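# Commentary on secondary and tertiary structure
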Amino acid sequence: MNLLPTRAELDAAATIVYGAMPATPQFSWPLLNEVLGTETWVKHENHTPTGAFKVRGGLVYLDGLLKREPGVAGIVSATRGNHGQSIAFAARRHGVKSTIVVPHGNSLEKNAAMRGLGAALIEYGDDFQASREYALGLARKQGLHMVPSCHTDLVAGVASYWMELFHAQPELDTVFVPIGQGSGFCAAVAAREALGLRTRVIGVVSSHAPAYMESFRSGELREAPTSTELADGMACRTPDAGSLEIVRRYADDVVAVSDEEVARAIRLYYRATHNLAEGAGAAALAAALRLKHDPRVAGRKVGLPLTGANVDAEKIMRVLSEVLP
């Protein structure tokens, strides 16, 4: 499957997205620019109806699914949280039953949010991959539609935020994109290509979940264990083959950031912008901080998606109670 939608598909997807939510803002924060030593633009996907960028993809996917399969019995998917919220949000709008599978130990507040959106929540397995395999089994047994983690419709929906950012700031030199299962990265590439821009796209993974980085650098799909305690949205053990192909073809680079670096970025976001960020939501900033003296960042105009703010209260209080950078 070609994961990069056309310009016409991007425009059609945006119409669906804006039927449910407005565009999110992008701001250049002086204190953030001071720390990084250059001009940065933060895209606030923490301001969507589910507090994360994924909702855009869920809206477009459900719209397309119901056109393809109008009698669908129900949907099932696996998630660490934000993908599940997006699917549940869209399913509720269409009156479709949703079942979401999460690993044991998943975010309590993300779980509560998915239940609040009407999803039947099942906890299974120790990581995302185990949850995904269980969800696939449920789909077969119960005749449900399995919603993938990466699909052209998901990419087209998510790309609406990149189109907003690139339209607002077409001269961005470099953008950093957190990678979980890859829809966000593919969306950034799709928007850049549709607009004919030359912006560098750098992928960001957790150093405690390096599968995409190792696959990118080796040239072949590689699995890697996950142990991140903070960036659960990037806790990928097995890359999606389709999105990995896009990463390998279009990424300027893929870099890894530690939980400690992510925690520092969360604290900086709060101090400089008074916005809360979850671990994956702060990963782009963490990578920019790591590369602040790199020629791709220093003196450049940089785009930073704050991709989500869905972090448990206990966890964010612990991170913010540590010494600010």
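Details of the structure are given in the entry above.
Reading guide: rules and limits
- Residues numbered from 1 in each chain as written.
- Predicted model: local features only at pLDDT ≥ 70, side-chain atom pairs only at ≥ 80, totals over all residues.
- Heavy atoms only, no water.
- Helix = DSSP H or I, 4+ residues; strand = E, 2+ residues; numbered from the N terminus.
- Rg over C-alpha atoms; globule rule 2.2 N^0.38 Å.
- Buried < 20%, exposed > 50% of the residue type's maximum accessible area, 1.4 Å probe, protein only.
- Contact = heavy atoms within 4.5 Å.
- 1 Å grid on protein atoms, 1.4 Å probe; cavity = no way out; pocket = protein on both sides within 12 Å on 5 of 7 lines; lining within 4 Å.
- Points joined across faces, edges and corners; volume = space filled by probe spheres on them.
- Nonpolar A, V, L, I, M, F, W, Y, C, P; charged D, E, K, R; others polar.
- Core = buried A, V, L, I, M, F, W, Y, C linked by side-chain atoms within 4.5 Å.
- Phe/Tyr/Trp six-rings, centres within 6.5 Å; stacked < 30°, edge-to-face > 60°.
- Lys NZ or Arg CZ within 6 Å of the ring centre and 35° of its normal.
- Pairing = 2+ DSSP bridges.
- Right-handed = clockwise from strand over helix to strand, strands pointing away.
- Axes fitted to C-alpha atoms, helices over the stretch in contact; angles between N-to-C directions.
- Parallel < 35°, antiparallel > 145°, perpendicular 65-115°, else oblique.
- Left-handed = near helix turned anticlockwise from the far one by under 90°.

### What about the overall build of the chain?
A tally of helices and strands in the chain yields 13 helices and 10 strands. Taken over the C-alpha trace, the chain has a radius of gyration of 18 Å; the compact-globule value for 325 residues is 20 Å, and the two agree within 12%. C-alpha extents for the chain along the principal axes are approximately 55 × 45 × 40 Å. The 325 residues of the chain split such that 63% are buried.

### Thoughts on the environment of Met 146
Among the structural elements, Met 146 can be located in strand 6 (residues 145-146). Residue class for Met 146 comes out buried when judged on its relative accessible area of 18%. Remark: the alpha-carbon pair of Met 146 and Ile 75, spanning 71 residues in sequence, is separated by 5.9 Å. The contact partners of Met 146, leaving out residues within four places of it in the chain, are Tyr 61, Val 76, Ser 77, Ala 78, Arg 132, Ala 135, Leu 136 and Ala 139.

### With respect to the layout of surface pockets
For the largest pocket, the calculated volume is near 330 Å³. What lines the largest pocket is a set of 23 residues, and nearest its centre among them are Arg 80, Gly 105, Glu 229, Asp 232 and Lys 315. Within the residue set of the lining of the largest pocket, elements represented by two or more residues are helix 5 (108-116) and helix 13 (313-321). For the lining of the largest pocket, the per-class residue count stands at 4 nonpolar, 9 polar and 10 charged. Empty space within the second largest pocket amounts to approximately 150 Å³. If you trace the second largest pocket, you find it lined by Phe 128, Gln 129, Arg 132, Leu 136, Met 146, Pro 148, Ser 149, Cys 150, Gln 181, Thr 238, Pro 239 and Asp 240. At 4 residues, helix 6 (residues 128-142) tops the list of elements feeding residues into the lining of the second largest pocket.

### Re the nonpolar core
Core analysis: the largest hydrophobic core is formed by 66 residues, its most contacted members being Ile 75, Trp 162, Phe 185, Ile 246 and Val 247. For this core, the element with the most residues is helix 7 (residues 152-168), which contributes 10 residues. Those residues in contact with Ile 246 that sit more than four places away from it in its chain are Leu 3, Leu 4, Phe 185, Cys 186, Val 189 and Ala 251. Val 257, Tyr 269, Leu 304 and Leu 306 belong to the second largest nonpolar core, which has 37 residues in total.

### A short note on the packing of aromatic side chains
Applying the stated criterion to the full structure yields 5 aromatic pairs. Between Tyr 124 and Tyr 134, the aromatic rings sit 4.2 Å apart at their centres with planes inclined by 15°, giving stacked as the arrangement. Note that Tyr 124 is positioned in the loop between strand 5 (120-123) and helix 6 and Tyr 134 in helix 6, a separation of 10 residues in sequence. In this structure Tyr 124 comes out as partly exposed when scored by relative accessible area, which is 40%. Under the relative-accessibility criterion, Tyr 134 is labelled partly exposed at 30%. Counting every residue linked through ring pairs, the aromatic cluster contains Phe 53, Tyr 161, Trp 162 and Phe 166. Positioned above the aromatic ring of Tyr 61, the side-chain terminus of Arg 68 is 5.7 Å from the ring centre.

### Digging into the side chain of Asp 127
Among the secondary structure elements, Asp 127 is positioned in the loop between strand 5 and helix 6. Given a relative accessible area of 13%, Asp 127 falls into the buried group. Contacts of Asp 127, omitting those with residues within four sequence positions, involve Pro 103, Thr 226 and Arg 237.

### Focus on the pairing of strand 4 (residues 98-102)
Most of strand 4 is tucked away: 5 of the 5 residues are buried. Side-chain alternation along strand 4 places Ser 98, Ile 100 and Val 102 on one buried face and Thr 99 and Val 101 on a second face that is also buried. Relative to strand 4, strand 3 (residues 75-78) runs parallel, the two sharing 4 bridges. Within the sheet, the bridge partner assigned to Val 76 lies in strand 4 and is Thr 99. Crossover strand 3 to strand 4 through helix 4 (residues 82-94) is right-handed.

### What about the packing of helix 9 (residues 211-218) against helix 10 (residues 241-250)?
For the pair helix 9 and helix 10, the least separation of the axes is 10 Å and the interaxial angle reads 55°. Here helix 10 runs oblique to helix 9, going by the angle between their axes. Crossing hand, helix 9 versus helix 10: right-handed. For the pair formed by helix 9 and helix 10, the contact residues are Tyr 212, Ser 215 and Phe 216 on the first element and Ser 243, Leu 244, Val 247 and Arg 248 on the second. Partitioned by chemical class, the residues of the contact of helix 9 with helix 10 number 4 nonpolar, 2 polar and 1 charged.

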